[in-house]
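Spelled out from the first residue to the last, the chains are:
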Amino acid sequence: MIDFLRGRIPIRMRLTLWYVLLMGITFTAFSFYLIFRFQNSLQDAIDSSLQITVSKTIAALDEEDFIETGKLTFDHKAQTQSVSDDFAMRILSAEGEVWDAYSASESVSGWGGVEAQFSTQQDEWRIYSQPVFDSNDQTIGWVQAARSLRSV
């Protein structure tokens, strides 16, 4: 069958078909590469944003409040992160008890453990956890921030 077609299709047409096929494969592979790179850069941007937000929040926490009340809480008036449905934060005790929550924390299903720095829950939320230390370098709690991946 192929020998029959070789005799009937001119060499120019066969070369053109091969070029079109190779160009199609090249463009498809390059498109997948670009999508993969773009998705990774978006996730890196989300990770950086979560790290910065948690670090700023930890820096703003007051150890004196912890000494007085036995809990860490957000200063909700000083929060720079706008309230939205795609962002949530919470403060946990060293044992995992929720002390305070900010924004859409109830929307995040399964925050996960506090030992991992980054985690992804059901491909919907990217979560960053960081410990809070006292002046004696003892872990007194954890701050977790989550951002929705729906837009990504």
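Conventions we followed
Residues numbered from 1 in each chain as written. Predicted model: local features only at pLDDT ≥ 70, side-chain atom pairs only at ≥ 80, totals over all residues. Heavy atoms only, no water. pLDDT = per-residue confidence, 0-100. Helix = DSSP H or I, 4+ residues; strand = E, 2+ residues; numbered from the N terminus. Salt bridge = Lys/Arg side-chain N within 4 Å of Asp/Glu carboxyl O. Buried < 20%, exposed > 50% of the residue type's maximum accessible area, 1.4 Å probe, protein only. Polar contact = N/O pair within 3.5 Å; in protein donor to acceptor, adjacent residues only side chain to side chain. Pairing = 2+ DSSP bridges.

S.K.: If you had to explain the confidence of the model for the protein chain to someone new, which residues and values would you point to?
M.R.: Looking at the protein chain, the pLDDT average stands at 80 and 79% of residues meet or exceed 70. The weakest mean pLDDT in the protein chain belongs to helix H1 (residues 2–8) at 62; the strongest belongs to helix H2 (residues 11–60) at 92.

S.K.: So, the pattern of salt bridges: which residues are in play, and what are the values?
M.R.: One pass over the structure, following the stated rule, counts 2 salt bridges. The salt bridge partner of arginine 126 is aspartate 47, with a shortest N-O separation of 2.8 Å. Here arginine 126 is found in strand S4 (residues 125–133), whereas its partner aspartate 47 is found in helix H2, with 79 residues between them in sequence. Across the pair, aspartate 47 and arginine 126 agree in class, each one buried.

S.K.: I'd love a proper account of the side chain of serine 129, names of residues and values included.
M.R.: Tracing the backbone through its elements, the reader meets serine 129 in strand S4. According to the relative accessible area criterion, serine 129 is buried, its value standing at 3%. Of the polar contacts made by the side chain of serine 129, one reaches the side chain of glutamine 144; its length is 2.9 Å.

S.K.: I'd love a proper account of the pairing of strand S2 (residues 98–103), names of residues and values included.
M.R.: Alignment of strand S1 (residues 87–93) against S2, held across 5 bridges, turns out to be antiparallel. Of the residues in S2, the one forming a bridge with isoleucine 91 is aspartate 100. Between S1 and the antiparallel strand that follows it, S2, lie 4 residues; glycine 96 among them carries a positive phi value of about 105°.

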